[in-house]
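Per-entry structural report
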Amino acid sequence: MKHPKGGFTFIELVFAIAILAVVVSGVYTLILSLNRNYQNQVAIAETQQAARVALSIFSNEIQHAGLDPTGKAFDGIHATKSNRVPVYNPATEKCSRTRRPAEKIMEASQTVFHFMGDINGSGAFNRSCKDDTGSDPCDRREDIRYEWVGKAKGPGICRSGSISPYTLYRYTGKGSEEVVLGIQTFNLVYYDENNTPLRSGLLSKTDRELVRKMVVTVEAVTPGGTEKKRKLVSEIFLKNIG
């Protein structure tokens, strides 16, 4: 019996298809692995960027804490307005907008930093904006409160309504602004002029006046594993405090 010329037998076709299936499966597995690795790298980059953004925004703005070019803003006369940024009262465990003298640091804890600074050099705080023509600017964004919200709403939350967990908030009297989401850890440690750490918790007025340096720890994480977690630590010297 003669075999046909120029063709393949059934057995040869089966073997060829099997080999092709193995090759295609290997290529597909490789593509999936490369795509998974790429997605992980993107998640890591985004997580690190979130931590950097949170640290950069916070670090840059708090340099205005205690800014007083005229030497009159913190003379004990100027007070925060009742409709401005609220302050947490540890005695009542509530937030209020009670009128009180302006302080360079109004509140300080591991997750809250509330400060004031005479940014426009007017020598006062909370000047009315109704007749602002530019020659005598009103005091916008001179009373600022940063607060990090963790897993659940806790003491010191000076706002109402729904909040996003693991988020750094900024408050300037016109509602809360979400600065950065996905912040797993936000921790502040305060030091005096001798580089001695001050006690943790909500600092008293006496302790707040001793603050000269802060160490900020920011840790961002994306859902899906610890390999996507990034932590940044920075020292911030408050040049206008003292």
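No experiment lies behind these values; they were computed from the predicted model shown. (Residues numbered from 1 in each chain as written. Predicted model: local features only at pLDDT ≥ 70, side-chain atom pairs only at ≥ 80, totals over all residues. Heavy atoms only, no water.)

What follows is about the sheet that holds strand β10 (residues 183–191). The pairing of strands in a sheet happens through backbone hydrogen bonds and is either parallel or antiparallel. Strand order across the open sheet formed by three strands is β10-β11-β12, with antiparallel pairing between neighbours. Of all the strands in the sheet, just β10 and β12 (229–237) have a single pairing partner and so form its edges. When the angles between neighbouring strand axes are averaged without regard to direction, this sheet yields 10°. As defined by bridge partners, strand β11 (residues 213–221) adjoins β12 across nine bridges and the pair is classed as antiparallel. (Pairing = 2+ DSSP bridges. Helix = DSSP H or I, 4+ residues; strand = E, 2+ residues; numbered from the N terminus. Axes fitted to C-alpha atoms, helices over the stretch in contact; angles between N-to-C directions.)

Relative to strand β6 (residues 112–116), strand β5 (residues 105–108) runs antiparallel, the two being bridged by three bridges. In the sheet register, Glu-107 faces β6, and the bridge partner there is His-114. The antiparallel hairpin formed by β5 and β6 contains three residues in its connecting segment.

By secondary structure assignment, the location of Asn-89 is in strand β2 (residues 87–89). For the pair formed by Asn-89 and Leu-202, sequence separation is 113 residues and the distance between their alpha carbons is 9.9 Å.

Taken as a whole and assessed by the stated rule, the structure comprises eight salt bridges. Arg-145 serves as the salt-bridge partner of Glu-147, at 2.3 Å between the closest nitrogen and oxygen. The exposure classification of Glu-147 matches that of Arg-145, with both residues buried. When the shortest N-O distance is used, the salt bridge between Arg-170 and Glu-177 registers 3.2 Å. The buried category is assigned to Arg-170, whose relative accessible area is 10%. A single salt-bridge network, built from bridges that share partners, covers Glu-61, Arg-170 and Glu-177. (Salt bridge = Lys/Arg side-chain N within 4 Å of Asp/Glu carboxyl O. Buried < 20%, exposed > 50% of the residue type's maximum accessible area, 1.4 Å probe, protein only.)

Moving on, we come to the packing of aromatic side chains. In total, this model carries seven aromatic pairs according to the counting rule given. Among the aromatic residues, those joined into a cluster by ring pairs are Phe-58, Phe-113, Phe-115, Tyr-146, Phe-186 and Tyr-190. The ring of Tyr-191 carries Lys-213 above its face, with NZ or CZ at 4.5 Å from the centroid. (Phe/Tyr/Trp six-rings, centres within 6.5 Å; stacked < 30°, edge-to-face > 60°. Lys NZ or Arg CZ within 6 Å of the ring centre and 35° of its normal.)

Looking now at unusual backbone geometry. Of note, the phi angle at Tyr-166 is positive, near 50°, even though the residue is not glycine. Inspection of the secondary structure puts Tyr-166 in the loop between β7 (143–149) and β8 (167–171). Taking relative accessible area as the criterion, Tyr-166 reaches 25% and is therefore assigned partly exposed. Its identity is not glycine, yet Asn-195 carries a phi of approximately 65°, on the positive side.

Following the sequence through the fold, Gln-184 ends up in strand β10. Between the C-alpha atom of Gln-184 and that of Gly-150, which follows or precedes it by 34 residues, the distance is 7.2 Å. Residues contacting Gln-184, with those up to four places away along its chain left out, are Trp-148, Tyr-166, Glu-219, Ala-220 and Val-221. (Contact = heavy atoms within 4.5 Å.)

Summarising the element assignment, Lys-229 is placed in strand β12. For Lys-229, a relative accessible area of 30% translates into the label partly exposed. It is 9.6 Å that separates the C-alpha atoms of Lys-229 and Ala-51, two residues lying 178 residues apart in sequence.

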